[in-house]
Amino acid sequence: MASNSTLVVSNAAQLGSARTRRDFLRIMGIGGTLVLLPSVLSSCSNNNNGIVDPGTGAGPGTGSTVTIDFSKGDIAVLQFAYALEQLEADFYTKVVAASSNLTAEERLVMADLKNHEIIHREFLKIALGTNASFSLTPTYPGVDFSNRTSVLATARTFEDLGVSAYNGAAQYLTSTANLLVAGKIVSVEGRHASAIRDLINPKSVDFAPSPFDDAFSPAKVAGAAQGFIVDKLAFANAPTAFVQGPNANG
Amino acid sequence: MENQTVLETIDPEIADRIVARSDEISQGASISAPLAAALALGSVPIALAALSKDVGAQSASDVVDVLQFALLLEYLEAEFYIKGTDAAGLIPAADRNIFLTLRGHEVTHYQTLRTLISAKGATPITKPTFDFTAKGAVPNPFAAGNYAVFQQLAMAFEDTGVRAYKGQAGRLINDKAILTAALTIHSVEARHASVIRRLRGKKGWIVGNSREDLPAFTQGIYDGEQNTVHSGTDAAALGTNNGGVNAVTEAFDEPLTKEQVTAIITPFLA
């Protein structure tokens, strides 16, 4: 561990270890940094030792490459959002379908989140038209869908990441119409994040851990999301400039 | 341009934006020379063309105007939570974590906005005097025993804040630092709204245009939230097998214009 808020993963097997998974969820939960050293991806492309997901048999980043080309401008930003919404929608679909020790109240929240994320995904699919031609295969190393604690911790990771992703990518939008749509979605993700955090630790200060949410660069978001995607997420013509938000951690 | 067309092929909102912009112009906002010339010539098509270009090129004074407007809202929220958390016998011990967090955040927001405004070379507006009974529409929310009223107003203010920031984002599109700062406040206001709503036994998200159990005079906070058409694409049918049209309205928060927000908060200005 480089520091309390940075997790350095140097080989693929580490991604699948219980210790690292706990650290990953904890660190993403506090807005920390996940560093994937090049050795991770190289080992992923050669084999999937140690990161076999029981559901699909394929680990993160072992599949075909999905490239988002930022020379497409606003389309690329919306494609990136589409990728994240695919991930969230699939996650909550599995959560709702699984038997688990979630409470009845928690199941109602999960059912709403499933609906919202599917609607986001399908909306972006329509909006993107022929630019929505990719379909990602999610994977959930270490996530136990029967276990309330594991499900809620993963949900918190996804919702916080979604908020940070939209907040950070908005600066690359050139159309006010697209910016408005992103704004309509990101606040609902913020409502989700708050609800999940309050389910985990009711009536605590956790629902909003900072006066400012994070704004993460697309590269930082992709690094975190890759841990849940079999396909290899890649960028072409990625923006080199990134304007930080108040937390200056993007 | 391809990157301008993805969601703009049909854009019913552009008319609203142009109207909002022309309202500002009639109220004395600065306009570009080509637009002034077009208006002087009385040519609507030319003026519209110039205006649409203005929409995408907001001035520095426009950014300051957004920040001042946000500052007013944050003053309102901060004073509300300061008075609430300072009031004896109002907030049950178990709920104090939430309201102390809200207080701290809103104070940080207004302090940050003041700094940003000063950095733009402008003078932050001074805090107005607030009337949290909305001129008698509700009982004193800080009086012992009136916790229910206090919670109702908290929900009203937070749901308003989310919509207010969202409605101003487009005016910040050319100032990436301010845009990003505003967005990171915007989503925190959404977290606030969600926790208050859930504390009150409601869903964390807005269903249709429902104000839930809030008094009728707050309906303006929720009007328009039932919209399902976003940038020309109607999402209503996506609710089929996915929670129906209610879920579609929950999945998208809607903006409010500055004028709409002003109408909502005016009763709270003494």
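Residues numbered from 1 in each chain as written. Chains lettered and ligands numbered in written order. Predicted model: local features only at pLDDT ≥ 70, side-chain atom pairs only at ≥ 80, totals over all residues. Heavy atoms only, no water.

Caption draft 1: Main features of the overall build of chain A. Scanning chain A from N- to C-terminus turns up eight helices and four strands. Its helices and strands in sequence order give chain A the pattern β-α-α-β-α-β-α-α-α-α-α-β, from N to C terminus. By the burial criterion, 59% of the 250 residues in chain A qualify as buried. Contacts in chain A between residues at least 24 apart in sequence constitute 78% of all its contacts with a sequence separation of at least 6. Of the accessible surface of chain A, which amounts to about 8,700 Å², a share of 54% is contributed by carbon and sulfur atoms. (Helix = DSSP H or I, 4+ residues; strand = E, 2+ residues; numbered from the N terminus. Buried < 20%, exposed > 50% of the residue type's maximum accessible area, 1.4 Å probe, protein only. Contact = heavy atoms within 4.5 Å. Areas by Shrake-Rupley, 256 points an atom, 1.4 Å probe, with all protein chains shown as cover.)

Caption draft 2: Quick peek at helix α6 (residues 148-169) of chain A. All names here are of chain A. In this model α6 runs 31 Å from its N-terminal to its C-terminal C-alpha over 22 residues, within 8% of the 32 Å that 1.5 Å per residue would give. Taken across its 22 residues, α6 has 20 buried, putting it largely inside the fold. The distance from a side-chain oxygen at the start of α6 to the backbone nitrogen of Thr149 is 3.0 Å, and the residue carrying that oxygen is Asn147. (Expected span 1.5 Å × (residues − 1). Polar contact = N/O pair within 3.5 Å; in protein donor to acceptor, adjacent residues only side chain to side chain.)

Caption draft 3: The packing of helix α5 (residues 60-86) of chain B against helix α10 (residues 258-265) of chain B, seen in detail. All names here are of chain B. With their axes 12 Å apart at the nearest point, α5 and α10 run at an angle of 25 degrees to one another. Comparing their axes, α10 and α5 come out roughly parallel. Considering how the two elements wind past one another, α5 and α10 form a crossing that is left-handed. Along the contact surface, α5 presents Asp65, Phe69, Leu72, Leu73 and Leu76, while α10 presents Lys258, Val261, Thr262 and Ile265. A per-class count over the contact of α5 with α10 returns six nonpolar, one polar and two charged. (Axes fitted to C-alpha atoms, helices over the stretch in contact; angles between N-to-C directions. Parallel < 35°, antiparallel > 145°, perpendicular 65-115°, else oblique. Left-handed = near helix turned anticlockwise from the far one by under 90°. Nonpolar A, V, L, I, M, F, W, Y, C, P; charged D, E, K, R; others polar.)

Caption draft 4: Summary view of the confidence of the model for chain B. Residue and element names in this part refer to chain B. When the pLDDT values of chain B are averaged, the result is 85; 79% of them are 70 or greater. Of the regions scoring below 50 in pLDDT, residues 1-57 engages in 65 contacts with residues more than four places distant in sequence or in other chains. Scored as a whole, the predicted complex attains pTM 0.81, and scored at its interfaces, ipTM 0.81. (pLDDT = per-residue confidence, 0-100.)

Caption draft 5: Geometry of helix α7 (residues 147-168) of chain B. A rise of 1.5 Å per residue sets the reference length of α7 of chain B, with its 22 residues, at 32 Å; its end C-alpha atoms lie 32 Å apart and thus fit the reference within 8%. Summarising burial for α7 of chain B: 20 of the 22 residues are buried, a large majority.

Caption draft 6: Summary view of the environment of Thr233 of chain B. Note that Thr233 of chain B resides in strand β2 (residues 233-234). For Thr233 of chain B, a relative accessible area of 14% gives the class buried. With near-sequence residues (within four places) excluded, Thr233 of chain B lies in contact with Phe123 and Ile126 of chain A together with Thr228 of chain B.

Caption draft 7: The interface of chain A and chain B, seen in detail. If you look at the interface, chain A gives 64 residues, while chain B gives 68 residues. Carbon and sulfur atoms supply 64% of the area that chain A and chain B bury against each other, a total of about 5,500 Å² over both sides. When the buried surface of chain A facing chain B is broken down by residue, Lys184, Arg191 and Lys203 of chain A rank first, second and third, together holding 15% of it. Counting every contact that joins chain A to chain B gives nine salt bridges. Inspection of the chain A/chain B interface yields 30 residue pairs in polar contact (both at pLDDT 80 or more). The element that contributes the greatest number of residues to the side of chain A that touches chain B is helix α7 (residues 176-200) of chain A, accounting for 21 residues. (Buried area = accessible area lost by both parts, 1.4 Å probe. Salt bridge = Lys/Arg side-chain N within 4 Å of Asp/Glu carboxyl O.)

Caption draft 8: Looking closely at the pattern of salt bridges. Under the definition given, this model contains 26 salt bridges over all chains. Between Arg197 of chain B and Glu212 of chain B there is a salt bridge whose closest N-O contact spans 3.6 Å. Within this pair, whereas Arg197 of chain B is found in helix α8 (residues 176-199), its partner Glu212 of chain B is found in the loop between α8 and β1 (229-230), the two being separated by 15 residues in sequence. Overlapping salt bridges bring together Arg191 of chain A together with Asp159, Arg197, Glu212 and Asp253 of chain B as one network.

Caption draft 9: The nonpolar core, seen in detail. Counting 125 residues, the largest nonpolar core has Phe91, Met110, Phe123 and Tyr140 of chain A together with Phe80, Phe99 and Phe150 of chain B as the members making the most contacts within it. It is helix α4 (residues 74-97) of chain A that contributes the most residues to this core, 13 residues altogether. (Core = buried A, V, L, I, M, F, W, Y, C linked by side-chain atoms within 4.5 Å.)

Caption draft 10: Quick look at the packing of aromatic side chains. Residues and elements named next belong to chain B. Tallying each qualifying case throughout the model produces 29 aromatic pairs over all chains. Arranged with centres 5.4 Å apart and planes meeting at 50 degrees, the rings of Phe80 and Phe132 form a pair that is tilted. With Phe80 in helix α5 and Phe132 in the loop between α6 (96-119) and α7, the pair connects residues that are 52 residues apart, well separated along the chain. Taken as a pair, Phe80 and Phe132 share a single burial class, namely buried. Judged by centre distance (6.1 Å) and plane angle (75 degrees), the ring pair of Phe99 and Tyr147 falls under edge-to-face. Of the two residues, Phe99 sits in helix α6 while Tyr147 sits in helix α7, which places them 48 residues apart along the sequence. Across the pair, Tyr147 and Phe99 agree in class, each one buried. (Phe/Tyr/Trp six-rings, centres within 6.5 Å; stacked < 30°, edge-to-face > 60°.)

Caption draft 11: Structural context of the pairing of strand β3 (residues 65-69) of chain A. Residues and elements named next belong to chain A. Going residue by residue along β3, you find Val66 and Ile68 tucked away on one face and Thr65, Thr67 and Asp69 left uncovered on the opposite face. Relative to strand β4 (residues 232-236), β3 runs parallel, the two sharing five bridges. In the sheet register, Asp69 faces β4, and the bridge partner there is Ala236. (Pairing = 2+ DSSP bridges.)

Caption draft 12: Local environment of the side chain of Gln168 of chain B. Considering the arrangement of structural elements, one finds Gln168 of chain B in helix α7. Excluding anything up to four places from it in sequence, Gln168 of chain B contacts Val66, Phe69, Thr257 and Lys258 of chain B.

Caption draft 13: Up close: the packing of α4 of chain A against α6 of chain A. All names here are of chain A. At a minimum axis distance of 11 Å, the contact between α4 and α6 shows a crossing angle of 165 degrees. Viewed along their axes, α4 and α6 adopt a mutual orientation that is roughly antiparallel. Both α4 and α6 take part in a crossing whose hand is left-handed. Of the residues in α6, those touching α4 at Val77, Ala81, Leu84, Glu85, Leu87, Glu88, Phe91, Tyr92 and Val95 are Val151, Thr154, Ala155, Phe158, Glu159, Ala165, Tyr166 and Ala169. For the contact of α4 with α6, the per-class residue count stands at 13 nonpolar, one polar and three charged.

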